[in-house]
Amino acid sequence: MAESNVLYESQRTAFSEDVPKDEIPVAADSDNVKEPEMQAEETAPLEVADQTDNDDPKSDCGVQNNASPLSFSQIWTKAILYMHKPVLAIVQVMTQFAARNPWPTIGLVTAASLALIIIGFATNFSVDVDENRLWTPFGSRAIQHMDWINDETSFSAVDRSASMFFHEDGKDVLGYRQVARIFEAVEGVRNLPLFEEVCSQDTYVDRYENKNTCELHCVTRFWNNSLALFEETPKTDEAVIEVISARSFPEGRPVGTDSLFGHAERNNVDDDLLTEAQLYFCRIELPDLDDETHMDLEKQILDYVLSLRSKYEDDPDGFAFRAEVAAARSFSDEFERAILKDLPLVPIVFIIMSVFTALYFARRHPVYSRSLLGVMAVVSILLSIMSGFGLLFCCGVPFTSMTQLLPFVLFGIGLDDAFIIMGSFSRTDPGQGNTLERIRLTMDDIGVPITLTSVTSTAAFSIGCLSSIPAVFWL
């Protein structure tokens, strides 16, 4: 017993020499004092258990489970980030090449754009304003039947005629002076340079003149379309009304009152005279020739009657007699006129956008002002429009009223990216490196988003290729 006490005291002395006095645990009873190693062994498991209980209440014996499966959101995020890498790599290569070689890049892009638009105009450029082709679905039976009539029969699928309408804004037009104006229009049409050349090939034979000519359905037919016979008629409204109220023409052909007069009324008594009419209708049947001569004649008729219309509107006596005209080519002519009229709007948009971007990027500093950069952003969009249209023309896609909308849309979409790029570049720290490094950081920030927005815009327009309507398909 004495030997054990001596051993215990020697161990306490050795421990007190190694451990400072203030770190020796003090107890009321020396028999209850425990060794530090024993205290650590007893308290450590409790601390581990407390930590594991706080981290994962469901885990047993303090063991944490790290093998939980990824959620759909995490998988989707990782997939998107994985797809971003090649896109960003391509964008970085292109931007770094352009930044290191600015003048060759500008020259190459400009030359390619000019070459494409010139080749497109020189090869397959065409303007399609045929409403039947533009708005009728591909493979429609109407177009198939029209083609069959044109190719397999001697009939014309298109009504080649010119129609003239004469009125006084809803007032009664029965009278000598009105019919005299109609004779003036008819005689002017018959004296056009191409009228005799074209109409002599028609199958209709004028019995009065005994020659082939274009058939004329008009009030002038009551005088065999002869101005000389009309001038023999008494110059009174009553005499003219009596002649045009007949139920048949001089050659015995029945008169279709509704085909010559608009809103016509008769007195329904023995003389059966016309009492009122609000419009005269004249129709010139033109032959459908294989060449473009008949199209040129139609244009001459349209131009002549429209000149008469202007003349009547400026009548010094205030005689408000109106002349209207329509032909088979009228719709396509209006389409073409509208396209040519709207073409100057493209350079106007270019100028407005250039001025706006120059003012937006301007600064009152000789170095930090970037007005020229804003103008070049608009120029780059113009070059892309030239490249796109040139490529379309090379592929045989016609220029229509729908494709005319693209420049205005592309100017707006393209400038969005210019503002985004400049905003991101301005947020980079100039102290982070040279301009190339700042461009790289800018592309790291917004390279993928602007590329994907361009891809989605391209995809949206590409879906139009699935349309069966040619005007939308070519857009």
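Below is a summary of the structure that appears in this document. (Residues numbered from 1 in each chain as written. Predicted model: local features only at pLDDT ≥ 70, side-chain atom pairs only at ≥ 80, totals over all residues. Heavy atoms only, no water.)

## Focus on the packing of aromatic side chains
Just so we agree on the cut-off: Pairing of aromatic side chains here covers Phe, Tyr and the six-membered ring of Trp, requires ring centres within 6.5 Å, and sorts the geometry by plane angle: under 30 degrees stacked, over 60 edge-to-face, intermediate tilted. Numbering goes from the N terminus for both helices and strands, where a helix is a DSSP run of H or I of at least four residues and a strand is a run of E of at least two. Three labels apply to residues, based on accessible area from a 1.4 Å probe with only protein chains included: buried if under 20% of the type maximum, exposed if over 50%, partly exposed otherwise in between. Distance and angle both matter: a charge sits over a ring if NZ of Lys or CZ of Arg is within 6 Å of the ring centre and within 35 degrees of the ring normal.
A complete count under the given rule lists 23 aromatic pairs for this structure. For the ring pair Phe 166 and Phe 321, a centre distance of 5.9 Å and an interplane angle of 10 degrees mean the geometry is stacked. In this pair, Phe 166 sits in strand S1 (residues 161-167) while Phe 321 sits in the loop between helix H12 (293-313) and strand S9 (322-327), placing the two residues 155 residues apart along the sequence. Take Phe 166 and Phe 321: they sit in the same class, and that class is buried. Note on Phe 331 and Phe 335: the rings are 5.0 Å apart at their centroids and 80 degrees apart in plane angle, and the pair reads as edge-to-face. With a gap of four residues between them, Phe 331 and Phe 335 both fall in helix H13 (residues 330-342), about one helical turn apart. Classification of Phe 335 by relative accessible area gives buried; the value is 18%. Taken together, Phe 121, Phe 125, Phe 389, Phe 393 and Phe 399 form an aromatic cluster joined through their ring pairs. Directly above the ring of Phe 249 sits Arg 221, whose terminal nitrogen or CZ lies 5.2 Å from the centroid.

## Side note on the pattern of salt bridges
Filter applied, for reference: Salt bridge criterion: a side-chain nitrogen from Lys or Arg within 4 Å of a carboxyl oxygen from Asp or Glu.
Within this structure, the stated rule accounts for 18 salt bridges. When the shortest N-O distance is used, the salt bridge between Glu 215 and Arg 253 registers 2.8 Å. Residue Glu 215 is found in the loop between strand S3 (211-212) and strand S4 (216-217), and its partner Arg 253 is found in the loop between helix H10 (237-244) and helix H11 (257-260); the two are separated by 38 residues along the sequence. For Arg 253, a relative accessible area of 38% puts it in the partly exposed group. Ionic pairing is found between Glu 334 and Arg 337, a salt bridge with its closest N-O pair at 2.9 Å. Of the two residues, Glu 334 and Arg 337 are both situated in helix H13; the distance of three residues between them amounts to about one turn of the helix. Residue classification places Arg 337 among the partly exposed residues on the basis of a relative accessible area of 43%. Salt bridges here are not isolated pairs; linked through shared partners, they connect Glu 215, Arg 221, Glu 251 and Arg 253.

## Examining the nonpolar core
What counts, and what does not: Definition of nonpolar core: a set of buried residues of the types Ala, Val, Leu, Ile, Met, Phe, Trp, Tyr and Cys, connected through side-chain atoms within 4.5 Å. For this analysis, residues touch if any pair of their heavy atoms sits within 4.5 Å.
Counting 49 residues, the largest nonpolar core has Met 164, Phe 166, Ile 182, Ile 244 and Tyr 280 as its most contacted members. Those elements giving two or more residues to this core turn out to be S1, helix H7 (176-190), helix H8 (195-199), H10, strand S8 (279-285), H12 and S9. Setting aside residues no more than four positions away along its own chain, Ile 244 makes contact with Leu 174, Val 219, Phe 222, Trp 223, Phe 261, Leu 274 and Tyr 280. Ranked by size, the runner-up nonpolar core spans 19 residues in total, among them Phe 335, Ile 339, Val 378 and Leu 383.

## So, the state of the cysteines
Note the cut-off: When two cysteine sulfur atoms are found within 2.5 Å, that pair is recorded as a disulfide.
On inspection of all chains with the given rule, the structure shows two disulfides. Two residues share a disulfide in this structure: Cys 199 and Cys 214, whose sulfurs sit 1.8 Å from each other. Sign of the S-S torsion, about -95 degrees for the bond between Cys 199 and Cys 214, identifies this disulfide as left-handed. Remark: Cys 214 occurs in the loop between S3 and S4 and Cys 199 occurs in helix H8; sequence separation between them is 15 residues. Neither residue differs from the other here; Cys 199 and Cys 214 are each classed as buried. Here Cys 218 pairs with Cys 282 through a disulfide, and the sulfurs are 2.0 Å apart. Taken together, the positions of Cys 218 in the loop between S4 and helix H9 (227-231) and Cys 282 in strand S8 put the pair 64 residues apart, joining distant regions of the chain. Described in terms of the sequence order of its bonded cysteines, the disulfide pattern of the protein is 1-2, 3-4. Sulfur of Cys 394: no disulfide; nearest cysteine sulfur belongs to Cys 395 and is 6.7 Å away. Residue class for Cys 394 comes out partly exposed when judged on its relative accessible area of 26%. The class for Cys 395 is exposed, based on a relative accessible area of 59%.

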